[in-house]
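An overview of the molecular structure
Given next are the chains, with one letter for each unit.
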Amino acid sequence: MATGARRGGRDRPTDPPRGGRPAGSLKAETRSHRAGPLSTDSALQPQKLDHGCALHTAAKDCLSAAVTQDAQTPAPTPRAIFYTSENNPANHGEQHEGRHYSIPLEEVRAVFPHGLPYRFQQQIKTFNEAFLMVRKPALELFSYLKSSNFAHPAVRYVIYGERGTGKTMTLCHVIHYCTRQGWLVLHIPDAHLWVKNCRELLQSSYKKERLDQPLQASSWLKNFKTSNERFLKEIKTQRRYVWDKRESTEQGRPLGEVVEQGLARVRSASDAVGVVLKELKQQSHLGSFRLLVAVDGVNALWGRTTLKKEDKSPVSPEELTLVYNLRKMMMNDWTGGAIVTTLSQTGSLFKPSSAYLPQELLGKEGFDALDPFVPIPVPNYSHREFESCYRYYLDRKWLQHENARTEDGKEELRFLSGSNPRQLERLAGPL
């Protein structure tokens, strides 16, 4: 078992000496940088000629160190191994699998005002670029969407996998694909935030037995407006909506007015979300737009919550206005689009941390509600995908430690991470 890339712990020699330094682990090797300058007295003294070559011993040592370094450090690799210039997801195919493509930063801000994993957002800030890897699960979904008959009921897709395999990034790739195809994207990131740690619960003015979450609703409306502003001007309401005694939205008005109502009157935000979902569901069959319902952590919509009522009794998910309306969107009783969801261990309250299969995370109620669906498994990196990610980190000089740039260092990262995307990113950060 290679341990050269371990952070901390005991040092043990794993690599041949470089430039005359003692060999050691990735962590231990860095201590050699603290040493002072080597004495150059011996280099100033005349030395014996070796087979007629007038090389001083010090010069030979330098040459030997250079040869050793060349032997350890892999040769520069062409960008073609980890990069593709094809930036339109609609054109991605098997020939692009394992390669990264670029999303312009202004497009990232428009398409993903929310929903990107936090650590990926930090990577974007660090590299000042957004590169997303083309992986097989996303390509599989693209092929299904391209061959779908949208006159039929919406097909439900469930993306699942172990922790850190890239389920959310696969969903983001699908969202980018649909956005480039001109779809209206109804994106619910982190659905588990709707069922836990809610700072404000109010009794619904529409249905007294339900509870509104005005802060979560207004935040979602703001981001929905950012990514779908064009559609909000074109889609008209099919009926009149009364918000209170003085305010209403008339039939035939732009759907954007409903969104603005929810943003201007936070008390009405949860009801405004319900109206938006209802209008989109009812109008998707008309053909004026394709609708993608993308929910990250859909399993949070069934099961238990951490929320309490005023009498300290637990709140069930169906009592929440947002969850109640979103569950309706999960039904395949509408046409003109698709439902793509992920299962999240984070959203699985009171479930074993090792659970990741649909029947484990959804439970009987959730599984029955989504059945039938198309399962999309997301595994750890393949050999090709790991190599691509590793080369990307090298090219961006994210891996600074000299041993991490060797073949042994690469294999050690592969072993320690188990080729898990999240673990690899976390291991590579300090190096």
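That block above? That's the structure.
Here the structure is a predicted model, which means the values were calculated and not measured. (Residues numbered from 1 in each chain as written. Predicted model: local features only at pLDDT ≥ 70, side-chain atom pairs only at ≥ 80, totals over all residues. Heavy atoms only, no water.)

When its secondary structure is counted, the chain shows 16 helices and 11 strands. In the chain, buried positions account for 49% of the 431 residues. For the chain, the proportion of contacts with a sequence separation of at least 24, taken over those separated by at least 6, is 71%. For the chain, the accessible surface area stands at approximately 21700 Å², while carbon and sulfur atoms represent 51% of it. (Helix = DSSP H or I, 4+ residues; strand = E, 2+ residues; numbered from the N terminus. Buried < 20%, exposed > 50% of the residue type's maximum accessible area, 1.4 Å probe, protein only. Contact = heavy atoms within 4.5 Å. Areas by Shrake-Rupley, 256 points an atom, 1.4 Å probe, with all protein chains shown as cover.)

In this section: the sheet that holds strand S9 (residues 291-296). Judged by pairing direction, the sheet is parallel, and its five strands sit side by side in the order S4-S9-S10-S3-S11 without closing on themselves. Two strands bound the open sheet, and with one partner strand each, they are strand S4 (184-188) and strand S11 (374-377). Mean inter-strand twist for the sheet, computed between neighbouring axes without regard to direction, equals 20°. Here six bridges tie S9 to strand S10 (residues 337-342), and the two strands are oriented parallel to one another. Residue pairing in the sheet places Val-293 in a bridge with Ile-339 of S10. Its contacts with the sheet place helix H6 (residues 136-146) against strand S3 (155-160), S10 and S11, and it is angled at close to 155° to S11. (Pairing = 2+ DSSP bridges. Axes fitted to C-alpha atoms, helices over the stretch in contact; angles between N-to-C directions.)

Relative to the helices and strands, Pro-214 resides in helix H8 (residues 214-227). Residue Pro-214 is classed as buried on the basis of its relative accessible area, which comes to 4%. The sequence separation of Pro-214 and Ala-272 amounts to 58 residues, and the corresponding C-alpha distance is 10.0 Å. For Pro-214, the residues in contact, after removing those within four places along its chain, are Glu-200, Leu-202, Val-266, Ala-269 and Ser-270.

Take the pairing of S9 next. Each regular strand shows side chains that alternate between the opposite faces of the sheet. Of all six residues making up S9, six are buried, and the element is well covered by its neighbours. Alternating residues of S9 divide into Leu-291, Val-293 and Val-295 and Leu-292, Ala-294 and Asp-296, and every residue in both groups is buried. As paired elements, S4 and S9 share five bridges and run parallel to each other. In the strand pairing of S9, Leu-184 is matched with Leu-291. In this region the chain leaves S9, passes through helix H12 (residues 321-330) and returns to the parallel neighbour S10; the handedness of that crossover is right-handed. (Right-handed = clockwise from strand over helix to strand, strands pointing away.)

Looking at the element boundaries, Glu-319 is found in the loop between S9 and H12. When the C-alpha positions of Glu-319 and Lys-208 are compared, they lie 10.0 Å apart, and in sequence the two are 111 residues distant. With residues near it in sequence (within four places) discarded, Glu-319 still touches Glu-209, Arg-210, Leu-211, Lys-309 and Pro-314. A distance of 2.7 Å separates a polar atom in the side chain of Glu-319 from a polar atom in the side chain of Lys-309. Among the polar contacts made by the side chain of Glu-319, one reaches the side chain of Ser-316 at a distance of 2.9 Å. (Polar contact = N/O pair within 3.5 Å; in protein donor to acceptor, adjacent residues only side chain to side chain.)

For the pair H8 and helix H11 (residues 269-283), the least separation of the axes is 7 Å and the interaxial angle reads 45°. When the interaxial angle is binned, H8 and H11 end up oblique. Relative to H11, the crossing made by H8 is left-handed. From H8, Pro-214, Ala-217, Ser-218, Trp-220, Leu-221 and Phe-224 reach across to H11, where they touch Ala-269, Ser-270, Ala-272, Val-273, Val-276, Leu-277 and Leu-280. Class assignment of the residues belonging to the contact of H8 with H11 gives a composition of 11 nonpolar, two polar and no charged. (Parallel < 35°, antiparallel > 145°, perpendicular 65-115°, else oblique. Left-handed = near helix turned anticlockwise from the far one by under 90°. Nonpolar A, V, L, I, M, F, W, Y, C, P; charged D, E, K, R; others polar.)

Attention now goes to the pattern of salt bridges. Two side chains with opposite charge may pair up if their charged atoms get near one another. The tally for this structure, following the rule as stated, stands at 20 salt bridges. Where salt bridges share partners, they join Glu-387, Arg-391, Glu-407 and Lys-410 into one cluster. (Salt bridge = Lys/Arg side-chain N within 4 Å of Asp/Glu carboxyl O.)

Looking now at the packing of H6 against helix H7 (residues 167-180). Orientation of H6 relative to H7, taken along the N-to-C sense of each, is 35°, at an axis distance of 9 Å. Judged by the twist between their axes, the crossing of H6 over H7 is right-handed. In this structure, H6 uses Pro-137, Ala-138, Leu-141, Phe-142, Leu-145 and Lys-146 to contact H7, whose residues at the interface are Thr-170, His-173, Val-174, Tyr-177 and Cys-178. Residues that form the contact of H6 with H7 fall into these classes: eight nonpolar, two polar and one charged.

All right, on to H12 then. Along H12, eight of the 10 residues are buried, which leaves the element largely enclosed by surrounding structure. Of all the positions in H12, only Thr-321, Leu-322, Val-323, Asn-325, Leu-326, Arg-327, Met-329 and Met-330 are classed as buried.

Let's shift gears to unusual backbone geometry. A cis amide bond, omega 0°, links Asp-371 with the succeeding residue Pro-372. For Asp-190, which is not a glycine, the phi torsion comes out positive at approximately 50°. Turning to its location among the elements, Asp-190 is positioned in the loop between S4 and strand S5 (202-203).

The subject of this paragraph is the side chain of His-114. Considering the arrangement of structural elements, one finds His-114 in the loop between helix H4 (105-111) and helix H5 (118-127). A polar contact is formed between the side chain of His-114 and the side chain of Asn-223, at a distance of 3.1 Å. Leave out the neighbours within four places in its chain, and His-114 touches His-187, Pro-189, Trp-220 and Asn-223.

Take the packing of aromatic side chains next. Scanning the entire structure with this criterion turns up 14 aromatic pairs. Arranged with centres 5.3 Å apart and planes meeting at 90°, the rings of Phe-127 and Trp-398 form a pair that is edge-to-face. Of this pair, Phe-127 sits in helix H5 while Trp-398 sits in the loop between helix H14 (383-395) and helix H15 (407-417), and the two are 271 residues apart along the sequence. Judged by its relative accessible area of 14%, Phe-127 falls in the buried class. A connected cluster of aromatic rings, assembled from ring pairs, spans Phe-82, Tyr-83, Phe-127, Phe-131, Tyr-392, Tyr-393 and Trp-398. In this arrangement the basic side chain of Lys-207 is found over the ring face of Tyr-206, its NZ or CZ atom lying 5.8 Å from the centre. The ring of Phe-231 has Arg-230 sitting right over it, with the charged end atom 4.1 Å from the ring centre. (Phe/Tyr/Trp six-rings, centres within 6.5 Å; stacked < 30°, edge-to-face > 60°. Lys NZ or Arg CZ within 6 Å of the ring centre and 35° of its normal.)

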